[in-house]
Amino acid sequence: MSTQQAEPESQEAPEDPAMKGAESPAADEQNGGGMVDEHAEKAAELEGETVHIKVFRYDPEVEGKQEPRFDDFHVPFEKGMTVLDSVMYARDEYDSSLTFRHSCRQAVCGSDAFFVNGKQRLGCKTQISDLEQPVRIEPLPHQEVVKDLVVDMDHFYDQMHTVEPYFQDEDTPPVDDLEEQRQSPENREKIKMSSRCIWCGACMSSCNIAAGDNEYLGPAAINKAYKFAMDDREGEEIKEHRLRILEQEHGVWRCQTQFSCTEVCPKDIPLTEHIQELKREAVKKNLKFW
Amino acid sequence: MYEHDVIVVGAGGAGLRAAIAANEAGADVAMVTKLHPVRSHTGAAEGGINAALQEGDDWELHAYDTMKGSDYLGDAPAVETLAQNAPEETINLEHWGMPFSREEDGTVSQRPFGGLSYPRTTYAGAETGHHLLHTMYEQVVKRGIQVYDEWYVMDLATTDEDDPNDRECHGVVAYDVQSGNIEGFKANNGVVLATGGPGQAFDHTTNAVSCTGDGHAMAYRAGAPLEDMEFIQFHPTSLPSTGVLISEGVRGEGGILYNSEGERFMFEYGYANNSGELASRDVVARAELTEVDEGRGVDDEYVHLDMRHLGEERIMDRLENILHLAEDFEGVDGLVEPMPVKPGQHYAMGGIEVDENGQTCVDGLYAAGECACVSVHGGNRLGGNALPELIVFGKRAGQHAAGEDLGEPEIRTGYGDDVEDETDTELPVAPGKAGLETSGSVAADGGVAADAEGVLQRKVETARERVDTLMDKEDGVQHAEIRAKLQKAMTDYVNVFRTEEGVKKALEIIRECREEYQDVYVDDPSRTFNTDLQQTIETRNLIDVAETIALGALVRDEFRGAHWRKEHQERKDEEWLKHTLISWDDGEPSIFYRPVILEGENKTYEPKERSY
Ligand SMILES: Cc1cc2nc3c(=O)[nH]c(=O)nc-3n(C[C@H](O)[C@H](O)[C@H](O)COP(=O)(O)OP(=O)(O)OC[C@H]3O[C@@H](n4cnc5c(N)ncnc54)[C@H](O)[C@@H]3O)c2cc1C
Ligand code: SF4
Ligand code: FES
C-alpha cells in the first residue's frame, strides 16, 4: 500500500474562498462542482454561529486526493463542541469519505490524536471554542499518512513492544492464588501518572529526536518501561534488566530534555521527568553511558 | 485464508481474557479486532470490579446481591459461577501487575457500589477499565498471541442446517480496514465473539462509537438467539451534552444528588429511603427523570451531582478522573460546583444466549462479555459486575473453545423442548422482513456435505459481492441518515420509560429504517481505510439489534428491573420468570421463552420485593 509522508509544516493551505460547506479548489475540479454546491447550499442554510475548519485530505487511491490538500468545512457551533465533534459533523453531513480514527470520545481510547493548529492534541479533548479560526486539522506529523487524518501507528506500537511492556514478577507470585503482592500506597502513587498512557502517539510525534532517529525508543515507550521499573513489586534483577534495555544506544540518553512530549501529552504525564529519573537510575546502577 | 485453532473476535476485556485462556490451554489463538486492542471500550470503565475478597464478605453474599439486583431474572448457575470465580480472577490481574488502588497495609482497596451489601468493588482510581485493558493486553504481548488489529469482522462462516442446534461455525470473514482486502479466517476449534455492547442503537449513550452490536447481529443471523434484549441499563449519571459517564464511584464515595430546588430527592420524595443515591441504577435513573418530568429538573433536562463536600484530597485520590471529565466535556469544576447529570444508555443486560461455558447453540460458536447473555445481570446489572463477568466468562469461553473440559453446563441454549412458544402480542409491523437477504442471512448453502473450507470460501465470496454492490452503487441513502433516525427513535420511545404505543411506534420506524437501508450506498470510492463502508455495515447491525430490543420491550408486559412499562406497573412473577429469546428464522424474528433457573448450589433464590 502506498503511503505518504505528511509534512504539514511545509504545506500550503489553499486560500480560503470563504464559502460555506465543504469546498477546496481541488474538490471543485474533482467533483465537477455538483457536490460542492450542494454542500454549500446545506451549509448556507445554517443559522447561528459556525466554525470554520480546514482539514487535511489525502488518499493514495483516489484521483484528486493523491496530491495532499486542505478542504474547508463550516459546521454549526454548539456549546461544548470539540474538534472531534466538528470533524464528525463534517463527515456525517458533508463528506462521508472524510476519514479519521475515533471511538470513546472521552480521552481514553487514544485514537484521535491530530495536529490541530500546529500542536498535537486529542480531538475529543479539545474544545473548539479555545482555538483560533480557521482551525487547521492535520494528521500527526512524522508519521506515514494512510488517508486523511489516519496515520500508520505500526512504528509506535513496535517501539512500545521493544521495552517488554509486561509485568515480570508474576511467575513467582505468593503461593496462594488469593494472596496479593503487597504494594504501598506511596509506590502506587509513584507509578500512577506513568500508568495513564493511552498510546495516542502525540508525544512521539512531537519529539524532534524521534523524528531524526527512527530507532529512538521515544517518550511513550520509555514511560511504559518506567511504570514497570519503578513498581516495587518487580524485583531488583528485572529492574536491572529493564534499565539495560533503556540505556542502550537509542534509549534514554538520546533525550535532550526539550519537553515537547510533556507539553503535548493529553494525560499530563511528566514524560521528560520520567526519562530524567531513569537516566539517574542508570547512573546509580553504574550502567554504561553513551 | 488464515487459519488458527481459536479465533477471538474483539479485543476488549472479554476477548483478551479469552485469548489468554485459550493460549494457556495450548491452542493456537488469534484475535481479530476492528480497533487496536488498547482502543477497546473496556478502557472507559471507571468504577471497579466486584469480588468478595475481604473477611466478612463471601461469594454467597455477592451472589445474593446479584440475584436481587437482577430482579430475579439472573440464572443462578451463572450468577454463582461469577461470584465464586471473581476473587481469584481479580487477584490474578493483580499478579499480572494491574495497578489497583491500595490500602495502607498494601492490600487492594475496595469501595461501596449501588445494590451491594458489602463494599466489594475493587478499583484502580476512577480508571479501572483502562488498567484492566492494558494489563491484559500486556499479557497478550508477552505470550506472543497473534493480533489482527483494524480488521473488521463482517460475517460468520456457519453451515446452514435447518435447525440452528445442528449448525457449525468454522470461522469468520473479515476485511482489513487499511487495505480493504476481504479474507477468511478459519477456526479449527471455535470462534469466540467478544464484540462488546450495542450502545450506538441510542443517541444518548455512554458507549463508544465502536459499540455497534456487530457480534449480536452476526450471531443472530447465524441462528443463535438473542436473550433478554429489552433489558437496557440507563446509567443515572452521564453528562448531558455528550453522554460521557460520571462513575457510580462518585455516589459510592458519598456524592449527593439534588434537584433544582436543592432537595436531596432520593430521600425527600421517597425513591429509596434506605440507600438513597446508592440504590440500584434503574431506581435512581427513574427517580431523576421523574424529578425532571415534575418540573424539578435543572434546565428541564438534568439534575445535579455534588461531590464538593468530599474534599479535594479524597477526590484527587479516588475520583481525579471525574474532575477531568467534568472539566473537559462540560466545563464544570467538580471541586467548586455540582456536576450536571442525566440518565444515558449504558449497558445491555441481554445479548447472545450462551451457557456457563460461553457456548451458543451453534457448535463452535462462543460469546463472552457484554455481547453475551449468560444471564448474570438479569433485569438489571449491578455496577461493578460487568468487569468480573469479562474475566470470569471470557476465560471460560477461551478454555472451552480450546478444548478444555469444564463439565456439563446447567444452562441450556437454543430452541428445544424446555422452551415455551410465541406470544400473542400484536406486532405493528411484520418485523425483519424487508427483502434484505443480500447479507447472507443464515449461511452458505451446501449443507452438511460442505467442508469447513468450502463454507468459509463461499462466505468470503458473498462478502466480497456485498461490498462490491455497496461500493458500485452510485447514489441512494447514506448510512448516517438512517443511523440518526434509528437512534432517535430508540431514545424517544424505548428509553427509561416505555409505553406500548411508543414501543410500537419505534418498531414502525425501525422497519422504515430497514426499508431505507435497501437503498444504502457508500460514497467513498476508496478501498483504503474506508470508514464510510464500515459504518454502513455497522448500521445494518444496529437495525437488527434495535429491533430485538424493541420487540422484547413490547412483548414483556410487566415491570422488572430496568424494563418499566407504563401500562404494567408490577412485576408478574407468575408469568414472567422467564427469558425472552428472539431468533432469526428465514429472515424474520421469532420469539420464544425459557424459564429462569433460580436453584443455586445450596439454595433457591426466592423472588422478593426489591427495596433499597
Ligand atoms: C463508560 C463506561 C463505564 C463502565 N464502568 C464499569 C465499571 O466500573 N465496572 C464494571 O463492571 N463495568 C463497567 N462498565 C461496563 C463494562 O465496561 C463493559 O460492559 C465492558 O467493558 C465490555 O467489554 P467487552 O470486552 O465485552 O467489549 P469491549 O471492550 O467493548 O470490546 C469490544 C471489542 O470488540 C471489537 N469489535 C467489535 N465489533 C467488531 C467487529 N465487527 N469486528 C472485529 N472486532 C470487533 C472492538 O474492536 C473491541 O476490541 C462500563 C461501561 C461504560 C460504557
Ligand atoms: S505518553 Fe501521553 S502523549 Fe505519549 S502516547 Fe501516552 S498518552 Fe499519548
Ligand atoms: S476518541 Fe478516544 S481518545 Fe479521543
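Keep in mind the model is a prediction, meaning the values are calculated, not measured.

Novice: So what's going on with the overall build of chain A? Which residues, and what values?
Specialist: A tally of helices and strands in chain A yields eleven helices and eight strands. Burial status across chain A gives 60% buried among its 290 residues. Counting only contacts in chain A whose residues sit at least 6 apart along the sequence, the fraction spanning at least 24 positions is 68%. Accessible surface, chain A as shown: approximately 12100 Å² in total, 44% of it carbon and sulfur.

Novice: I'd like a description of the UniProt feature "active site" (unreviewed entry) in chain B, backed by residues and values.
Specialist: Residues and elements named next belong to chain B. The positions UniProt marks with the feature "active site" (unreviewed entry) are Arg281. In this fold, Arg281 is placed in helix α8 (residues 281-293). With residues near it in sequence (within four places) discarded, Arg281 still touches Phe113, Gln233, Phe234, His235, Pro236, Glu248, His346, Asn380, Arg381, Gly383 and Gly384.

Novice: Account for the site of ligand 2, with residues named and values stated.
Specialist: With respect to spatial proximity, 13 residues lie near ligand 2, and among them A:Cys197, A:Cys200, A:Gly201, A:Cys203 and A:Cys265 are the closest. Split by residue class, the shell around ligand 2 holds twelve nonpolar, one polar and no charged.

Novice: Describe helix α5 (residues 185-192) of chain A, with residues and values.
Specialist: Listed in full, the buried residues belonging to α5(A) are A:Pro185, A:Asn187, A:Arg188, A:Ile191 and A:Lys192. The arc enclosing the buried residues of α5(A), seen along the axis, measures out at 160°, which places them on a common side. Where α5(A) is buried, its residues contact α8 (218-229) of chain A together with α4 (128-143), α9 (312-318) and α10 (320-330) of chain B.

Novice: Before we move on, can you summarise the pattern of salt bridges with the specific residues and values?
Specialist: According to the stated counting rule, one finds 77 salt bridges over all chains in the structure shown. B:Asp328 is the partner of A:Lys125 in a salt bridge, and the nearest nitrogen-oxygen pair spans 3.9 Å. Taken as a pair, A:Lys125 in the loop between β5 (119-122) and β6 (135-138) and B:Asp328 in helix α10 lie in two separate chains rather than in one. The class of A:Lys125 is partly exposed, set by a relative accessible area of 24%. The shortest N-O distance in the salt bridge between B:Glu24 and B:Arg143 comes to 2.7 Å. Here B:Arg143 lies in helix α4 and B:Glu24 lies in helix α1 (residues 13-24), a separation of 119 residues in the sequence. With a relative accessible area of 49%, B:Glu24 lands in the partly exposed category. Several salt bridges converge on common partners, so that one network encompasses B:Asp71, B:Asp228, B:Glu230, B:Asp282, B:Arg286, B:Arg556, B:Glu558, B:Arg560, B:Arg571, B:Asp573 and B:Arg610.

Novice: How would you sum up the UniProt feature "domain: Succinate dehydogenase/fumarate reductase N-terminal" (unreviewed entry) in chain A? Please name residues and give values.
Specialist: The UniProt record marks residues 52-157 of chain A with the feature "domain: Succinate dehydogenase/fumarate reductase N-terminal" (unreviewed entry), using the residue numbering of this structure. Between the C-alpha atoms that bound residues 52-157 of chain A the distance is 34 Å, and the span itself is 15% helix and 30% strand.

Novice: So what's going on with the site of ligand 1? Residues and values would help.
Specialist: Residue and element names in this part refer to chain B. By nearness alone, 38 residues border ligand 1, and Ser40, Thr42, Gly47, Glu370 and Leu387 come closest of all. In this structure, Ser40 approaches ligand 1 through a side-chain N or O atom, which is 2.7 Å from an oxygen atom. Here ligand 1 loses 98% of its free accessible area of 1000 Å² to cover by the protein chains. Of all the secondary structure elements, the ones that give two or more residues to the shell around ligand 1 are α1, β2 (29-33), β7 (151-158), β14 (339-348) and α11 (386-401). A class-by-class count of the residues in the shell around ligand 1 yields 16 nonpolar, 17 polar and five charged.

Reading the values: the criteria
Residues numbered from 1 in each chain as written. Chains lettered and ligands numbered in written order. Predicted model: local features only at pLDDT ≥ 70, side-chain atom pairs only at ≥ 80, totals over all residues. Heavy atoms only, no water. Helix = DSSP H or I, 4+ residues; strand = E, 2+ residues; numbered from the N terminus. Buried < 20%, exposed > 50% of the residue type's maximum accessible area, 1.4 Å probe, protein only. Contact = heavy atoms within 4.5 Å. Areas by Shrake-Rupley, 256 points an atom, 1.4 Å probe, with all protein chains shown as cover. UniProt positions renumbered as here; feature names shortened; annotations may be inferred. Near = heavy atom within 4 Å. Nonpolar A, V, L, I, M, F, W, Y, C, P; charged D, E, K, R; others polar. Arc of directions from axis to C-beta. Salt bridge = Lys/Arg side-chain N within 4 Å of Asp/Glu carboxyl O. Polar contact = N/O pair within 3.5 Å; in protein donor to acceptor, adjacent residues only side chain to side chain.

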